[in-house]
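# Working through the structure, step by step
In case you want the letters, here they are:
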Amino acid sequence: MKKTQKEIEDSARMIGRRSLIVGGVFVGTGAVLAGRMRYLQVERADDFRLLAEENRINLRLLPPERGLIFDRSGVLLAGNEQNYRITLVREDAGDVDAVLDEVARLVNMDLRALERAREEIRRRPGFVPVTIADRLSWEEMSSVAVNAPALPGVNPEVGLSRAYPLGADFAHVVGYVGPVSDWYLEQTGDTDPVLQIPDFQVGRYNVEDKVEDVLRGRAGTSRVEVNASGRVMREVDRDPATPGGDVQLTVDAGLQNYVEARMSGESAGAVVMDCVSGEVLAIASAPTFDPNLFVRGISTTQWAGLNEDPYRPLANKATQGLYPPGSTYKMVVALAALEGGFITANETIPCAGSIEVGNRRFHCWRRGGHGRMNLLESLSQSCDVYYYELAQRVGIENISAMARRLGCGVRHDLPLSGIAEGLAPTMDWKRRRFDEEWVVGDTLNASIGQGFVLSSPLHLAVMTARIASGRALEPSLIRSIDGVRQGGEDAPGLGIDPAHLALVHRGMWQVSNDPRGTAYRSRTMGDAYAIAGKTGTSQVRNITAAERAAGVIRNEDLPWERRDHALFVGFAPFDNPRYAVSVLVEHGGGGSTAAAPIGRDILLRAQVGDVPPPELYPVGQRREIEAMHDSLPIFETPPVPSGRELTRA
Amino acid sequence: MSFLEYNVKSTPTGWRKILHLNWALALLLVSVASVGFLMLYSVAGGSFSPWAETQMQRFALGFLAMLIVAMVPIWFWRNMSVLAYVVSLLLLLYVEFFGATGGGAQRWIDLGFMRLQPSEMAKITVVMMLAAYYDWLDLGKVSHPLFVAIPLLIIGVPVGLTFIQPDLGTSLLILMGGGAVLFMAGVHWLYFASVIALGIGAVTAVFSSRGTDWALLADYQYARIDTFLDPSSDPLGAGYHITQSQIALGSGGWTGRGFMQGTQIRGDFLPESHTDFIFPTLAEEFGFVGAASLLLLYVLILIFCIATALMARDRFASLLVMGIAVTFFLYFAVNMAMVMGLAPVVGVPLPLVSYGGSAMLVLMVAFGLVQSAHIHRAR
């Protein structure tokens, strides 16, 4: 169709008009786009720059090296050992199953571990290294390294994990570390970012737990540039982790080892204290367990074994266990009586084997009676009737006040997980606790460390150290933190007449050195090492009327769990007290037979500084003692102190 | 200089046509495409493979196609319009039944050396068809309902075919490009007013149909609209594209982080940064200055197109060139609006810059038509 000139002109005019409108739309839209560009890129540039940084930069936490724990002379008790492990990066491995089979051939991996590794590899992104085996031996590690060309994607790595070189000996002092559980986070409310590090371990028991804030250190950070899928492109900068502080304990590794060894086979607890400084030299509880088990992840069988053992290896009998102190409590009564002026050194009290108080008959351990007893004899022969009489004069309030002055029935704040408060009963206490009035029989029971009185071996060690030194020593367990000496100030005096203390010292000396003393068999030879002690035997059962009628049953004839507890406290050397000890043997029978020999051996070991030579023992016992020492699991050579600098201050 | 003189008296012949090409427009096209090469090189981490090299070859091919198309008189192309339109419809039908699937949509035919997207082709053939139609139609009948219904059918068929692929972005672009030709041809404004009113009604229907049995859009399309309206609602899910795109844009600042220094790109935070999201890449590395410069280049191309359209005394040529201009405009405006959070993510590439063969070739052929109109503008 041929168009006229007019039509062409009209068409052009129309297109021109409409194009103008379209052009206007172009311009308008262009302006909006440019405006938006300006808004995003100029006005809000800083906001978006920040968001881009957040995208790009990822903070990686660097685990701090946990502080070390040493004994008083620098023997390493808790260290960090290199943990050889192998990781696998899926996307580098190619055929994952083939590589895993090859790894399993080279290192010791059971089927379950293999299955776990396979599952973990499937679950994680392909570029993330997954630990497929850890705690490898050096040999395994070498064989992996040698076979590296056949193991694409496999990388040998070294991490740190807690290790307790002395194992079971220090479980009840140093404790152990464990993984961070949800329960732990909830309990502690701890928000330290370091806890988010996978496989990070925190102190869970004893010193490891209580001194966690010193030992843990501070996480470092590594700022890395990552891409959208989280792969690390490069490290931007790094703020290294601050290692935890080192802790030096007051305990003596050699002595601790000896005490644990000496008590092996028994269910027992013992504490050794320095009578000058109050420092705790050993806290042992037998049987014990290997804390390394808990670091590596304890199996249910192992856990059940520890948990169901009637000797309760997981309990710390030295600080957590509460027992009637038995006759070891008699020094408390004697000092209360002397200080109150209720008795003098020379006054004698007759013992006929029993006395009757308030319709009840109270027996002395010696049925036939001791005859007339003065204070010294009452201690060395442990006459019960003497203390029944004394207690009635002194009264429970004075006895318990003296007990607290000597450190019984109060809490001693050591950095350990289980610290029992103990009990020095008062009339008021009984009223509150049982809503019953105190009766004189309660006082008599308390006077021989029975009835309501409860102490832990730690209490008894503190009591002994205070009697020996005359000063209000507080036990301490931390010697220095990061080289800075802790404590060390002199303890104030007890305010007890030195003459009275000397009298009690003498009585205790007779216990261990007078032929009639209850611990005479456990004496030492040579005055330089002379021991002053006190035995105790505390009943764990009520003797029934039927039993009484049938006559006294010998401990050996009773089932283990109903036998008496055996106790011994003592200090040495007598002239210049340096070491105080308390020993408790659960259901051990009699204090003089079961506890006193252990207490004597510990005090000798502490004084000699090594396994005591036979010359220090009575002639007749030497062969037996030597045989015993040979059979004990004692260190062959003292562990080498670590090279790390101990004192920085 | 002859090629910029618009009131030429005679049409050049033979090899002299080359001299009469609009070389300024050609230079602009090369500039824009070069921006694309630069960015594809950067996105690949400083490498010509896999994208920049292929893109350069395609551009060279496209440039050659443009020259060839430009040499042929514009009236020849007018006569070819119906054929081109029918072929593109057949291809659209072909992909509907046999096309390769990618990203949940059937969009292309694999030709071996490139993937042909008939929907890209349809953008231009619809415009050609409409221009030819209005060239044939008496000016007086333009607003007659019957003669409005015919072009609506011409637009409606390819729009429907692309919509069911499903490719919402392209179908909208064809619809708007075709509508623009109708507008330019002089269809009465009341038609457009009623279409806009209908559009508003349709949007309401789309939203109210959501979740019912007769839902008009696929779930992922609803999701795109949702995240467009509030990208922060799901920053790691469906809103990820928009959020990361704006971060890339915004963090560029005035002058950008520098060539190859964009952290959003290096860290793969921005998906599809070589195709639909290449503009944020440019904006991140060259800042507002770079981004605005690209916008300016596009606007200059539009200006040359409009000038050509107004100078042409041929109704087909004017409408065709204006239609191409509008289509080109829609491409970059929708893409930029999308990456800047002003429009939903609908999958429209940045013309001549985004990696992709079909769009590049089709656009270069379209600019060949513009050049042809320019060369053969004499009365």
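See the structure shown above.
The text that follows walks through the structure, step by step, so that each part is easy to find.

## With respect to the sheet that holds strand S19 (residues 532–538) of chain A
Residue and element names in this part refer to chain A. Across the sheet, which stays open at both edges, the 5 strands sit in the order S12-S11-S21-S20-S19 with antiparallel pairing between neighbours. Strands at the two margins of the open sheet, each flanked by one partner only, are strand S12 (280–286) and S19. Going across the sheet, the axis of each strand differs from the next one's by a mean of 5°, ignoring polarity. In the sheet, strand S11 (residues 268–274) pairs with S12 via 6 bridges, with the strands oriented antiparallel.

## Here's the deal with the nonpolar core
Phe279, Leu294, Met336 and Phe367 of chain B are the most contacted members of the largest nonpolar core, which totals 126 residues. Excluding residues that lie within four positions of it along the chain, Leu294 of chain B makes contacts with Val32, Val35, Phe279, Leu282, Met336, Leu350 and Val353 of chain B.

## Topic: the pairing of strand S17 (residues 478–481) of chain A
All names here are of chain A. The sheet contact formed by strand S10 (residues 247–249) and S17 spans 3 bridges and is antiparallel. Among the inter-strand pairings, Val247 is bridged to a residue of S17, identified as Ile481. Linking S17 to strand S18 (residues 484–485), which pair antiparallel, is a turn of 2 residues; within it Asp482 sits at a positive phi near 55°.

## Notes on the packing of helix H4 (residues 96–106) of chain A against helix H5 (residues 111–123) of chain A
Residue and element names in this part refer to chain A. Contact geometry of H4 with H5 gives a least axis separation of 11 Å together with a crossing angle of 150°. Between H4 and H5, the angle is such that the two are roughly antiparallel. Regarding H4 and H5, the two cross each other, and that crossing is right-handed. Mapping the contact onto sequence places Val96, Asp97, Leu100, Asp101 and Ala104 in H4 and Leu114, Arg118 and Ile121 in H5.

## Some points on the interface of chain A and chain B
Facing 40 residues of chain A, the contacting portion of chain B comprises 53 residues. Between chain A and chain B the total buried area reaches about 3,900 Å² when both faces are included, carbon and sulfur atoms providing 69% of it. Looking only at chain A, the three residues that lose the most surface to chain B are Arg18, Phe26 and Gln41 of chain A, adding up to 18% of its buried area. The interface formed by chain A and chain B holds 0 salt bridges in total. Taken together, the connections running from chain A to chain B amount to 8 residue pairs in polar contact (both at pLDDT 80 or more).

Procedures and definitions
- Residues numbered from 1 in each chain as written.
- Chains lettered and ligands numbered in written order.
- Predicted model: local features only at pLDDT ≥ 70, side-chain atom pairs only at ≥ 80, totals over all residues.
- Heavy atoms only, no water.
- Pairing = 2+ DSSP bridges.
- Helix = DSSP H or I, 4+ residues; strand = E, 2+ residues; numbered from the N terminus.
- Axes fitted to C-alpha atoms, helices over the stretch in contact; angles between N-to-C directions.
- Core = buried A, V, L, I, M, F, W, Y, C linked by side-chain atoms within 4.5 Å.
- Buried < 20%, exposed > 50% of the residue type's maximum accessible area, 1.4 Å probe, protein only.
- Contact = heavy atoms within 4.5 Å.
- Parallel < 35°, antiparallel > 145°, perpendicular 65-115°, else oblique.
- Left-handed = near helix turned anticlockwise from the far one by under 90°.
- Buried area = accessible area lost by both parts, 1.4 Å probe.
- Salt bridge = Lys/Arg side-chain N within 4 Å of Asp/Glu carboxyl O.
- Polar contact = N/O pair within 3.5 Å; in protein donor to acceptor, adjacent residues only side chain to side chain.

From the geometry alone we can't say anything about function, so treat these as descriptive.
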